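So the chains spell out like this:
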Amino acid sequence: MYEVKILTGNETAAYAAMNSKARVVAAYPITPVTPVVETISKLVEEGRMHAKFIRVESEHSAMAACIGASAAGSRAFTATSSHGLAYMHEMLHWATNARTPIVMAVANRAIGPGWNIWADLGDALSQRDTGWIQFYCSNNQEIYDTIAMAYKLAEDRKVLLPAMVCYDGFVLSHTSMPVELTEFDDFLSEYEPVWKLDAENPFTHGNILPPEDFAELRHNIQKSHDRALKLMKKIEEEFFELYGRRTPLILEEYKMEDAEKVIVTMGAIGSEAKVAVDSLREKKVKAGLVRLKSFRPFPEKELRNLLEDKKVYVFDRAISPGSGGPLYNELKSALAFSPVKRIIPKIVGIGGIDVTKRTFERAIFERKVWIKEVVS
Amino acid sequence: MKISEMEREEYVLPGNTSCHGCPSTVALRTVLKALEGNAVLVIPACCTSVYMGPFPNSAINVPVFNTAFASAAATASGIKASLEWQGKDTEVVVWAGDGGTYDIGLQALSGAAERGDDILFICYNNEMYSNTGIQRSGATPYGAWTTTTWKGKREHKKDVSELMLAHGIPYVATASVGYLRDLYEKVKRARKIRGFRYLEILAPCPPGWRFPMDKTIQMGKLAVESGMWILFESIEGKLRFTGVSKSIAEGRRKMKDLEEYLLSQGRFSHLTEEEIGEIRRYVIKKWEKLARLVEGEIDAAVAKFYV
Ligand SMILES: Cc1ncc(C[n+]2csc(CCOP(=O)(O)OP(=O)(O)O)c2C)c(N)n1
Ligand code: SF4
Ligand SMILES: [Mg+2]
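Residues numbered from 1 in each chain as written. Chains lettered and ligands numbered in written order. Predicted model: local features only at pLDDT ≥ 70, side-chain atom pairs only at ≥ 80, totals over all residues. Heavy atoms only, no water.

**Student:** Any chance you could break down the site of ligand 2 for me, citing the residues and the numbers?
**Tutor:** The immediate surroundings of ligand 2 are formed by Ser18, Cys19, Cys22, Pro23, Cys47, Asn126, Ser130, Cys205 and Pro207 of chain B. Looking at side-chain class alone, the shell around ligand 2 contains six nonpolar, three polar and no charged residues. (Near = heavy atom within 4 Å. Nonpolar A, V, L, I, M, F, W, Y, C, P; charged D, E, K, R; others polar.)

**Student:** I'd like a rundown of the nonpolar core, residues and numbers included.
**Tutor:** By size, the foremost hydrophobic cluster in this structure holds 181 residues, and its most contacted members are Ile40, Met49, Met63, Phe77, Tyr167 and Leu307 of chain A together with Tyr198 of chain B. For this core, the leading source of residues is helix H8 (residues 211–243) of chain A, giving nine residues. When we break this core down by domain, the ones giving at least three residues each are domain 1 (2–187 + 207–243) and domain 2 (251–365) of chain A. Each residue touching methionine 49 of chain A, except ones within four places of it in the same chain, is listed here: Ala17, Met18, Ala22, Val25, Ile40, Leu43 and Val44 of chain A. The next biggest cluster of nonpolar side chains, apart from the first, holds 36 residues, and it includes Leu35, Val93, Ala175 and Ala203 of chain B. (Core = buried A, V, L, I, M, F, W, Y, C linked by side-chain atoms within 4.5 Å. Buried < 20%, exposed > 50% of the residue type's maximum accessible area, 1.4 Å probe, protein only. Helix = DSSP H or I, 4+ residues; strand = E, 2+ residues; numbered from the N terminus. Domains from an automatic or database assignment. Contact = heavy atoms within 4.5 Å.)

**Student:** Give a detailed account of the environment of histidine 50 of chain A, specifying residues and quantitative values.
**Tutor:** Among the structural elements, histidine 50 of chain A can be located in the loop between helix H2 (34–45) and strand E3 (52–54). We classify histidine 50 of chain A as partly exposed; its relative accessible area is 46%. Taking C-alpha positions, histidine 50 of chain A is 27 Å from asparagine 201 of chain A, a pair spaced 151 residues apart along the chain. If sequence neighbours within four positions are ignored, histidine 50 of chain A has contacts with Ala22 and Arg23 of chain A together with Trp85 of chain B.

**Student:** An account of the confidence of the model for chain B is requested, with residue identities and associated values reported.
**Tutor:** Residue and element names in this part refer to chain B. This prediction gives chain B a mean pLDDT of 95; 96% of its residues lie at or above 70. Scored below 50 in pLDDT, residues 297–303 shows ten contacts in the model against residues more than four places distant or in partner chains. Scored as a whole, the predicted complex attains pTM 0.95, and scored at its interfaces, ipTM 0.92. (pLDDT = per-residue confidence, 0-100.)

As structure tokens, this is what we get:
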């Protein structure tokens, strides 16, 4: 059973948490993710969402509470953005090492100063080494599906890692689109933890870990990321068989069969990139698109297979100062020993600059790395 | 309550890795007995994270969840929400040092208190950061030597138990390692109350305070007898002095000289007359302030204080 509703990305995330049967939510408001917090609060108060909602006093506490809830055996959810995500940093590491499969919605936004509330993937990308699985969505239906799929993946005993589901602030968080609100009963049952805090079965979690055991833990986390990549394909299939939607977890290809010039990007601008590919093809450029969905784990092999012999344009809506575009850098190292023609960095959409199909076209026809204006 | 009526089960392993004469282990042992083991402990970075011992062993025989320094109360809120969802009546107890309570943990503590989450937050207060080697905290008293106040701390402590009273929570109490039966009974009473409860235990720490390791309990008593540490309990907003502090407040017992307490600890050995005077003034003010909050005993109590 499902209904179609016109929802913003934020409302979509809240409904996804509800239908994924998250039982403890702890969250703190920050633009542009605030409506997720408000909507969940309302759903819980109206008795439509069956969960405990902890109205914490900060994001650090939000993540701490989610970790506690998950450790005690509940499916936990939170949502944040920008400074909130940065403030959580310590606890993001904690969630990974504690093996608590929390799912978090992240409405991507720039980090100040120079207060800027607009889209920029830099907030989440600067958390890439925390061990979280990271998905970047390009439309609201995808946000909805990915949150449920992320729980399925995160909670699998071969994975047991937290996952963040990212979507561009305002561009998706505040844009309304039709979303099929599928109920996930066939896909996700109540959370069955592999371990939990229980007074009848006492054990100590997270005490001093000698170097060899710590290395083992970290190695296991890496192996879990590798296994997650394999599992993603299975989950995509299962989801498709149940609901008829091809929601990618790893990546999405567009007109790649004969493509020579390939755009690689992530997030909302991945939708605009399709329009750009069509437009380029009208101009007789054999363009194609690889929209990366999973930044962590990074699907190195899949990308290598797709991008062999291509001219690759990497569009980053983020910058790692002193280094370059984070996606560009990752891809460059992944393709280091592949026969790629060329790999070219482009920095677009920083701090919420609108990215149009013309932005892609200009970036491809001109040599400039940075596009710092709206190309209309 | 007679000692013979206390819980016999042990939840803290004797021979753990704490220092000899550790006040924290003694207090934790008492607290877990009072809870009869039906507890989940949330522990931020502190001495206890060390003396519980390394993986795969543990010196504590109730479930322990270690959390980051700043987030004990919030982690406990999450655990409690989950247990409530599962319909379990396990007490969720934060066991934090004064750093994880007064300083870095204060925001999460205040947030959980304001929300009224059903948690028992216990601070064992050894008046400094001992895990990292004796640095000053917001709970370190004026004049005390630490490795970040070599000539003695220039500021008085702040008082988080008072701050918790101001939060209007249903239970706030202080205890001392010098009086373990009092501590045991307070935990028992706190256990019967729902909502956010705060208990602070003075924990005289031999290496941190510079006194012989066989004097921990004595020091815990002397702190109270000299008026430097005040025992009280507030249930649903009704504040009363307890134990020796009550006898002092009611004029039934003379306070011991503060100098006896201060000068038996190496951390205060450098104090000048003026500095001791400054501590005296602080202690008097503290008593007067608390006495004003104690119903019924106000006048009698204030009148009889002298230090
Ligand atoms: C964010 C953070 N900053 C600093 C530390 C280092 N640290 C660990 S324990 C501690 C002091 C703990 O003091 P207290 O809470 O009083 O407990 P005690 O060690 O006295 O038992 C510090 C500074 C840390 N673990 N995390
Ligand atoms: S430093 Fe003090 S509180 Fe810490 S273990 Fe040693 S005696 Fe106990
Ligand atoms: Mg301390």
